[in-house]
Each structure stands twice: as structure tokens, then as C-alpha cells.
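Per-entry structural report
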Amino acid sequence: MIFVYILFGVYLAAVNLYAFLLVRNQKRRAAERGNEDKSGNARLLTAGFLGGAIAAYAAMFIYRHKTDNALMMVLLPLLGALNLYLIYALIRSGCPFFI
């Protein structure tokens, strides 16, 4: 059972790192192109849905990227709250679907 928790923790760390680096790369590409279009919103929301919403939201403020996008400013905190709730529910229930 401990192995499952370790594996789940590694998964969450990897997804959060991916989401953080995704925001950084989007910011760099937008700076190179000279515009901040809507490219990558779906990819960023997918990373947030998979567990990286908190890191993506933090990276948006660190890199000052897409902070004027109302959709991202509303959905990422909601996904982050959903992620935290699901993590809490999985740990509280003992992750019965992994066994």
C-alpha cells in the first residue's frame, strides 16, 4: 500500500512539474512571436485537470502569463480545488481502486 502512495506522489510531482514548465515554455514562445494568443489553453487545462492545476496557476503569476485570460483565472483555481478534494478523498478512502 505504501508503494501506491509513493507512486501517486511521484505522479503528482511529475504532472505539477509538467504544468509549471508548460507555462514557462508558453511564455517564452509568446515572447519570441511577439504576441500572446490563445495557443496552448487546452493543453494547460488538460495538465490542470490531470493534477497540475496548482502549479500551473502559480506559474501563471510567477511568469505573468495569461493572467488577463478570464477563463484560465477561473478554471485553474476550480481545478486546483477539485484536485485537492480528490487527493484528500483518495487518501482518506485508502485508494480501494488500486488494490
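Refer to the structure presented above.
Description of the structure in this document. Note that the structure is predicted; figures quoted are calculated from it, not measured.

Another point: the overall build of the protein chain. When you go through the protein chain residue by residue, the secondary structure sums to three helices and zero strands. The order of α-helices and β-strands along the protein chain, N terminus first, is α-α-α. Once the C-alpha set of the protein chain is aligned to its principal axes, its extents read approximately 50 × 20 × 20 Å. Looking at the protein chain as a whole, 32% of its 99 residues qualify as buried.

Let us now look at the environment of glycine 51. With respect to the helices and strands, the residue glycine 51 is situated in helix H2 (residues 41-62). Expressed as a C-alpha distance, the spacing of glycine 51 and leucine 17, which sit 34 residues apart in the sequence, is 10 Å. Apart from residues no more than four positions distant in its own chain, glycine 51 is found in contact with Leu12, Val15, Asn16 and Asn83.

The subject of this paragraph is the packing of helix H1 (residues 2-33) against H2. The relative placement of two packed helices is expressed as an angle between their axes plus a distance between the axes. Orientation of H1 relative to H2, taken along the N-to-C sense of each, is 60°, at an axis distance of 7 Å. Between H1 and H2, the interaxial angle falls into the category oblique. For the element pair H1 and H2, the recorded crossing hand is right-handed. A per-class count over the contact of H1 with H2 returns 18 nonpolar, four polar and one charged.

Procedures and definitions
- Residues numbered from 1 in each chain as written.
- Predicted model: local features only at pLDDT ≥ 70, side-chain atom pairs only at ≥ 80, totals over all residues.
- Heavy atoms only, no water.
- Helix = DSSP H or I, 4+ residues; strand = E, 2+ residues; numbered from the N terminus.
- Buried < 20%, exposed > 50% of the residue type's maximum accessible area, 1.4 Å probe, protein only.
- Contact = heavy atoms within 4.5 Å.
- Axes fitted to C-alpha atoms, helices over the stretch in contact; angles between N-to-C directions.
- Parallel < 35°, antiparallel > 145°, perpendicular 65-115°, else oblique.
- Left-handed = near helix turned anticlockwise from the far one by under 90°.
- Nonpolar A, V, L, I, M, F, W, Y, C, P; charged D, E, K, R; others polar.

Spatial relationships are all this shows, so hold off on functional conclusions.
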